[in-house]
Amino acid sequence: MASSLSLFISLCLISSVVLPSSSSSSSSSSSSSDRKTFIVQVQRDAKPSIFPNHKSWYESSLSSVSSSSTQKTTTFDTAIIHTYETVFHGFSAKLTPSEAQKLQSLPHVLAVIPEQVRRLQTTRSPEFLGLKTTGSAGLLKESDFGSDLVIGVIDTGIWPERQSFNDRDLGPVPSKWKGQCVAGKDFPATSCNRKLIGARFFCNGYESTNGKMNETTEYRSPRDSDGHGTHTASIAAGRYVFPASTLGYARGVAAGMAPKARLAAYKVCWNAGCYDSDILAAFDAAVADGVDVISLSVGGVVVPYYLDSIAIGAFGAANSGVFVSASAGNGGPGGLTVTNVAPWVTTVGAGTMDRDFPADVKLGNGRIIQGVSVYGGPGLTPGRMYPLIYAGNEGGDGYSSSLCLEGSLNPNLVAGKIVLCDRGINSRAAKGEVVKKSGGIGMILANGVFDGEGLVADCHVLPATAVGASAGDEIRKYITLFSKSRSPPTATIIFRGTKLGVRPAPVVASFSARGPNPESPEILKPDVIAPGLNILAAWPDRVGPSGIPSDKRRTEFNILSGTSMACPHVSGLAALLKAAHPDWSPAAIRSALMTTAYTVDNRGGTMLDESTGNSSTVLDFGSGHVHPENAMDPGLVYDISTYDYIDFLCNSNYTTKNIQVITRKAADCSGAKKAGHAGNLNYPSLSAVFQQYGKHKMSTHFIRTVTNVGEPNSVYRVTVRPPSGTVVTVQPDKLAFRRVGQKLSFLVRVEATAVKLSPGSSNVKSGSVVWTDGNHKVTSPLVVTMQQPL
């Protein structure tokens, strides 16, 4: 399909072709290395009757221009790459420049078009993650694009008519599938196909709290009235779609992580929220239906696992061999904000890509301030400057007007002006609607101090852009300085479209929730980060791109940001890894993603924190940014059994009853507690927490077991980068494997010296433990936290 898309784009964009002259090509005509793919358009009705079909005619044409007699007899039976019979008549083949020139001269040949290589760009995340559709190897090829795997998306439902969910060229529904396509309002059972193979909705918990839903505003069916579920589903497993864009931004080919994986939608989120009883029912149904992966872009407060229905449902899923990925939450950049922290869940934070949507503010003093937006409506008049006001100076109580809350702006003061609004309380797009209804001509949305410098591009309903906290301060100072001068403050917004190749990237998104893990500090969370800022994916009809009810614009794709968008990236990657390695457990898949993750950006430095511009840390990105191709061949994995998780819960001081709630198994903790501490769970990361209590020297140890999934007869040696102020030793320092599947253990001892801290504070340092055999690099972050009790 990728090649036919490339063909289509080539035909649309290439109006004329200049082939090399015959005099310059003769010297290279016999070299196979000079061959390139050309698309040959022919006059279909000119086929002589002597040829039984068009393909044989095309082969004869190729043979007549062949550069060597040997190729005529041995090559051209298989020379045709594709034949085209519907929207385009002709074929494609690899030719030397001389052969292409000769073909062009044949009377029935209309055009000989050099093939151009196109990149998947709209979501851009497949390309940014290194997932290539070309070549004979790689994760997409090895997994057949995830074709027999089923991803269950627990979310707001799905809009099944979107081309991202078409089932063209897919094989039959996997025989293991036991799910259903549950009919409901505006969702007949025929809404499912070989791509969307199952759909259910769960609303009893929602309705038991809120009463019967209002079916004029939401669907009693799997149909998505919000957009979030459609978006996340297509990120995980959307098909290739061209053309794709949002309001003209991010044009190109859309693709999910596992384009051939099957989807099952489990709708649990409604206008009033997502209720635990419904979420647990969805987990139950998904596992029974036979999904391989569950993607959950839903979160909340952190509570003990035995009180957390998501943790309980996820444990049951993992115990049945189902990989569960969940969003880390959007509570960043503050610490202790990460959610969905159970160790049997893969917790995903958000990073940026090398694509941006710049929309800069030009002030009347000539200053240019960087911003972002995906506004696609009528723009501001080029070259014209508009009056600029700060909403907080123009309203009643100052506070509500500064935030541009509903009803807070005075139309007499706002009309015809660009309005600076502060971020907070109501949605970013809703602020623009408030300004527009008050007669404002544009909006600048400024981050607060907590938001820092992280920018999110939105589909605003009027010309608008978002700027960072420091830029907001600068604009407010400009307004104050010039408000009483003869030259009142003015501004305009310059929309610059889509920019690719942005550096640095990736950067940890400002909103991405951060560690440490509030429930289990011995388990580093988030586990990894993945693309989550300004992600383009499928979007339903009947929902405007801004998400505001008054927004009547319609688009097949929308650009959203959040760890909700990062999570399905990992869900799709997990499906690819499971397809390539059917025998891998969920823990092994998570290990492969974690130990091969990277922490450097495209400039070669440590990934930055978007909120501050400083280097990010393991508490921000966990093991790092996912690297799918390396994850396919990690060398070693840290596997975890159900009983390992039970030991972990024992060592976390959970009672046997608490543990049984989570695992449905009776637990005897006497042996587990003798074995060590919660940090001894066979996790791919290592986190030591020391309570100083006046001690000067402290130590702990970790026992880890790795399974060889690389080559037999391989020898791994360890390299340790100890956190500052610690001494770290690993025994043994060499692991010699005789066979694939063999398990070997090692011990990591950490000795730390107390540091000076105020009561109740902590100090976090990080390092790493890396095993390598020369081909594989198996990296585990090592985090040491020194805490001073109150």
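Up top is the structure these notes are about.
Residues numbered from 1 in each chain as written. Predicted model: local features only at pLDDT ≥ 70, side-chain atom pairs only at ≥ 80, totals over all residues. Heavy atoms only, no water.

*Asks:* Even after reading the chapter, I still don't get the nonpolar core, so can you show me in this structure?
*Replies:* It is characteristic of soluble globular proteins that their nonpolar side chains tend to be buried jointly. In this structure, Tyr266, Phe283, Tyr305 and Trp344 are the most contacted members of the largest nonpolar core, which totals 98 residues. For this core, the two domains that each supply at least three residues are domain 2 (125-354 + 506-597) and domain 4 (635-640 + 682-788). Once residues within four sequence positions are removed from consideration, Trp344 is found in contact with Tyr305, Ala311, Ala314, Phe315, Ala318, Arg590, Tyr645, Leu649 and Ile662. In terms of nonpolar packing, the next biggest core, distinct from the first, is built from 25 residues, Leu686, Val730, Phe746 and Trp771 among them. (Core = buried A, V, L, I, M, F, W, Y, C linked by side-chain atoms within 4.5 Å. Buried < 20%, exposed > 50% of the residue type's maximum accessible area, 1.4 Å probe, protein only. Domains from an automatic or database assignment. Contact = heavy atoms within 4.5 Å.)

*Asks:* Explain the packing of helix 20 (residues 642-651) against helix 21 (residues 656-663) here, please?
*Replies:* The packing of two helices is summarised by the inter-axis angle and the distance between the axes. Contact geometry for helix 20 and helix 21: axes closest at 10 Å, N-to-C directions at 145°. In this structure, helix 20 meets helix 21 at a crossing whose hand is right-handed. Contact residues: helix 20 offers Ile646, Leu649 and Cys650, while helix 21 offers Ile659, Ile662 and Thr663. The residue inventory of the contact of helix 20 with helix 21, partitioned by class, reads five nonpolar, one polar and no charged. (Axes fitted to C-alpha atoms, helices over the stretch in contact; angles between N-to-C directions. Helix = DSSP H or I, 4+ residues; strand = E, 2+ residues; numbered from the N terminus. Left-handed = near helix turned anticlockwise from the far one by under 90°. Nonpolar A, V, L, I, M, F, W, Y, C, P; charged D, E, K, R; others polar.)

*Asks:* Quick question: what am I supposed to make of the pairing of strand 9 (residues 262-267) here?
*Replies:* Regular strands have side chains that alternate between both faces of the sheet. When you tally the buried positions in strand 9, you get six out of six residues, the bulk of the element. Along strand 9, one buried face is formed by Arg262, Ala264 and Tyr266 and the opposite face, lined by Leu263, Ala265 and Lys267, is buried too. The pairing of strand 5 (residues 150-155) with strand 9 spans six bridges and is classified as parallel. Pairing of Val150 across the sheet is with Arg262, part of strand 9. Alignment of strand 6 (residues 196-201) against strand 9, held across five bridges, turns out to be parallel. (Pairing = 2+ DSSP bridges.)

*Asks:* What should I look at first to understand the state of the cysteines in this one?
*Replies:* One way to say it: the disulfide is the covalent bond shared by the sulfur atoms of two cysteines. Going through the model one piece at a time under the given rule, you end up with four disulfides. With its sulfur 2.0 Å from that of its partner, Cys181 forms a disulfide with Cys192. In this structure the cystine formed by Cys181 and Cys192 twists about its S-S bond by roughly 85°; its chirality is therefore right-handed. Pair noted here: Cys181 is in the loop between strand 5 and strand 6 and Cys192 is in the loop between strand 5 and strand 6, with a separation of 11 residues, a long-range link. For the pair Cys181 and Cys192, a shared accessibility class is recorded, and that class is buried. Residue pairing for Cys650: its cysteine sulfur links by disulfide to Cys669, the two sulfurs lying 2.0 Å apart. Of note, the bridge from Cys650 to Cys669 carries an S-S torsion of about -75° and is left-handed in sense. Of this pair, Cys650 sits in helix 20 while Cys669 is found in helix 22 (residues 669-675), placing the two residues 19 residues apart along the sequence. Like Cys669, Cys650 is buried. For the chain, the disulfide bridges join cysteines in the arrangement 1-2, 3-4, 5-6, 7-8, where the cysteines are counted in sequence order. (Disulfide = S-S within 2.5 Å.)

*Asks:* It is not clear to me how the sheet that holds strand 16 (residues 359-363) should be interpreted in this structure. Could you clarify?
*Replies:* Hydrogen bonds between backbone atoms are what pair the strands of a sheet, whose relative direction is either parallel or antiparallel. Ordered in space as 17-16-22-18-19-20-21, the seven strands form an open sheet in which the pairing is mixed. The open sheet has two free edges, formed respectively by strand 17 (368-369) and strand 21 (464-467), since each of these has just one partner strand. In this sheet, strand 19 (residues 418-422) lies alongside strand 18 (residues 386-390) in parallel orientation, the contact comprising three bridges. Each bridged residue has a counterpart across the sheet, and for Ile389 the counterpart in strand 19 is Val419. Each of strand 19 and strand 20 (442-446) touches helix 14 (residues 428-437); the most contacted strand, strand 20, lies at about 145° to it. Packed on one face of the sheet, helix 15 (residues 469-482) meets strand 16, strand 17, strand 18, strand 19, strand 20, strand 21 and strand 22 (490-495) and runs near 110° to strand 18.

Honestly, it's all geometry; don't read function into it.
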